[in-house]
Amino acid sequence: MSGVSLSLVSIVSDDIAALSDFYAKVFDLPELVEFRSDIFRGLALDGVTLGFSTPVVYELLKIEPWRDAKGAKQYLTFEAESDAEVERLVAKALGRGAQLLHEPYATYYGAWQAVLADPDGNVFRINHFRA
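Heads up: these notes are all about the structure in this document.

Definitions and cut-offs
- Residues numbered from 1 in each chain as written.
- Predicted model: local features only at pLDDT ≥ 70, side-chain atom pairs only at ≥ 80, totals over all residues.
- Heavy atoms only, no water.
- Helix = DSSP H or I, 4+ residues; strand = E, 2+ residues; numbered from the N terminus.
- Buried < 20%, exposed > 50% of the residue type's maximum accessible area, 1.4 Å probe, protein only.
- Contact = heavy atoms within 4.5 Å.
- Pairing = 2+ DSSP bridges.
- Axes fitted to C-alpha atoms, helices over the stretch in contact; angles between N-to-C directions.
- Expected span 1.5 Å × (residues − 1).
- Arc of directions from axis to C-beta.

1. Some thoughts on the side chain of serine 53
Part 1 of the reasoning: Residue position: serine 53 is located in strand S3 (residues 48-53).
Part 2 of the reasoning: Exposure remark for serine 53: the relative accessible area of 8% places this residue in the buried category.
Part 3 of the reasoning: For serine 53, the contacting residues outside a window of four places in its chain are Ser10, Ile11, Val12, Ser13, Ile16, Ile39 and Phe40.

This is how it looks when you write it as structure tokens:
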């Protein structure tokens, strides 16, 4: 083990309140109120902060050339406890405005998984590894 861990994953959005609310409600994630600002929201996710930043982050981080990136270059995978939980979370996400990109299916590596896009168009998966 290298001693390195993932601490924060951020999604850029014009409406951080709405998008963080989508993930908070679909996955029952509490807000990290101490991080709340006009340009950031954070949700607690099993030791990782799921963050939401306004587009000002491109300037703050000096990453302006990536402002207009197109396509799914990254995606999040949320691990569910069972196949049935995958189905329940997919329905919950769809009810909150997600788009189903790939219906739940058995993967070649032994998982039950669905692929969706959140209301901003960011791709994410809901997965259950079948041990």
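2. Let's talk about the sheet that holds S3
Part 1 of the reasoning: Spatial ordering of the open sheet is given by S1-S3-S2, a layout of three strands whose pairing is mixed. Each of the sheet's edge strands pairs with one partner strand only, and the pair in question is strand S1 (8-12) and strand S2 (40-45). Averaged over all pairs of adjacent strands, the angle between strand axes in this sheet comes to 20 degrees, irrespective of strand direction.
Part 2 of the reasoning: One ladder, built from six bridges, connects S2 with S3; its direction is antiparallel. Looking at the pairing, leucine 45 lines up with valine 48 of S3.
Part 3 of the reasoning: Sheet strands touched by helix H1 (residues 16-27): S1, S2 and S3. Its angle to S2, the strand with the most contacts, is close to 10 degrees.

3. Describing the sheet that holds strand S5 (residues 99-106)
Part 1 of the reasoning: Within the open sheet, the four strands sit side by side as S4-S7-S6-S5. Their pairing is mixed. Unpaired on one side and paired on the other, strand S4 (76-79) and S5 mark the two borders of the sheet. Each strand of the sheet is rotated relative to its neighbour by a mean of 15 degrees, with strand direction disregarded.
Part 2 of the reasoning: Across the sheet, H1 lies against S4 and strand S7 (123-129), angled at about 15 degrees from S7, the strand it touches most.
Part 3 of the reasoning: In this fold helix H3 (residues 83-95) packs onto S5, strand S6 (111-117) and S7, with an angle of close to 10 degrees to the strand it touches most, S6.

4. Points about the side chain of threonine 54
Part 1 of the reasoning: Mapped onto the elements of the fold, threonine 54 is located in the loop between S3 and helix H2 (56-60).
Part 2 of the reasoning: With a relative accessible area of 13%, threonine 54 lands in the buried category.
Part 3 of the reasoning: Setting aside chain neighbours within four positions, we find threonine 54 in contact with Val12, Ser13, Ile16, Asp38 and Ile39.

5. Focus: H3
Part 1 of the reasoning: With 13 residues, H3 should cover 18 Å at 1.5 Å per step; its first-to-last C-alpha distance of 19 Å lies within 8% of that length.
Part 2 of the reasoning: Of all the residues in H3, the buried ones are Val86, Leu89, Val90 and Ala93. Looking straight down H3, one finds its buried side chains confined to an arc of 105 degrees; they lie on one side. Those residues of H3 that are exposed and aimed more than 90 degrees away from the buried face are Ala84 and Gly95.
Part 3 of the reasoning: Summarising the contacts, the buried residues of H3 are in contact with H1, S5, S6 and S7.
Part 4 of the reasoning: At the C-terminal side of H3, glycine 97 shows a positive phi close to 105 degrees.

6. Focus on unusual backbone geometry
The phi torsion of most residues other than glycine is negative, and most of the peptide bonds are trans.
Part 1 of the reasoning: Of note in this structure, aspartate 46 is not a glycine but carries a positive phi near 50 degrees.
Part 2 of the reasoning: Within the secondary structure, aspartate 46 is located in the loop between S2 and S3.
Part 3 of the reasoning: When its relative accessible area of 80% is taken as the criterion, aspartate 46 is described as exposed.
Part 4 of the reasoning: Phi angles above zero are rare outside glycine, and lysine 62 is one such case at about 60 degrees.
Part 5 of the reasoning: Relative to the helices and strands, lysine 62 resides in the loop between H2 and S4.

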